[in-house]
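Observations on the model geometry
As a plain string of letters, each chain reads:
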Amino acid sequence: MRWLVVIDPQNIFAADDSEWGSPFFADAMPRIRELAAAFDGRVVVTRWLPTADRSTSWGDYFTAWPFADRPADDPLFDLAPEARSLSPHPTLDAPTFGKWGPELASLVGTDAEIVLAGITTDCCVLSTALAAADAGARVTIATDACAGSSAENHAAALHVLGLYPPQITLATTAEIVASVLPN
């Protein structure tokens, strides 16, 4: 069964005044909502939370990005308002870039076919896609339902992801919706 996994549509990536705000978040959200409607409840939404162990390289990460070193319940980490109704399931929260792991695999199945959309193409979407493909999932990237940190980084990430067929494929929202909805 195919599932839509929406990566990190959170305030921290949506807000114009956030150091991690994607200038393309608003452009991606209508297509993410279109995909969620087509997947009819087979939608998982993830959130990145700053709960990683600071004694690891994540400590260095938070030194480099101190604005994000806040309690996990800070509103900055909430889903953006336009993303709150995407899924009937609880969010999958993780302190990692990539969201593929035992928890997501148990939700969608270890032999999953997943469509990825979300924020940012060049970090968390890319990290999730590669780990899922390595684990044997079939992954489609909704190219126009992802937002990068910049246009150049979005294009570069899509280029890299395009190097992994047949495990990772690229498609537009229109192509994915046409393949999900009955004729």
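Criteria and thresholds
Residues numbered from 1 in each chain as written. Predicted model: local features only at pLDDT ≥ 70, side-chain atom pairs only at ≥ 80, totals over all residues. Heavy atoms only, no water. Helix = DSSP H or I, 4+ residues; strand = E, 2+ residues; numbered from the N terminus. Buried < 20%, exposed > 50% of the residue type's maximum accessible area, 1.4 Å probe, protein only. Contact = heavy atoms within 4.5 Å. Pairing = 2+ DSSP bridges. Right-handed = clockwise from strand over helix to strand, strands pointing away. Polar contact = N/O pair within 3.5 Å; in protein donor to acceptor, adjacent residues only side chain to side chain.

**So, the overall build of the protein chain**
- Summing up its helical and strand segments, the protein chain has seven helices and six strands in all.
- Along the protein chain, from the amino end to the carboxyl end, the secondary structure elements read β-α-α-β-α-β-α-β-α-β-α-β-α.
- On the principal axes, the C-alpha backbone points of the protein chain span a range of 50 × 35 × 30 Å.
- Buried residues in the protein chain amount to 51% of all 183 residues.
- Counting only contacts in the protein chain whose residues sit at least 6 apart along the sequence, the fraction spanning at least 24 positions is 79%.

**What about the pairing of strand β5 (residues 138-147)?**
- Within β5, eight of the 10 residues are buried, leaving the element largely enclosed by the surrounding structure.
- Two elements, strand β4 (residues 113-119) and β5, share six bridges in a ladder whose sense is parallel. Bridging from a neighbouring strand, Ile119 pairs with Ala147 of β5.
- Note that β5 and strand β6 (residues 168-171) share four bridges and pair parallel. Directly across from Val139, in β6, lies its bridge partner Ile168.
- Between the parallel elements β5 and β6, the chain passes through helix α6 (residues 151-161) in a crossover that is right-handed.

**Describing the side chain of Arg2**
- Looking at the secondary structure, you find Arg2 in strand β1 (residues 2-7).
- Reaching out from Arg2, the side chain makes a polar contact with the side chain of Glu113 at a distance of 3.3 Å.
- Once residues within four sequence positions are removed from consideration, Arg2 is found in contact with Phe39, Arg42, Glu113, Val115, Thr140, Ile176, Ser179 and Val180.

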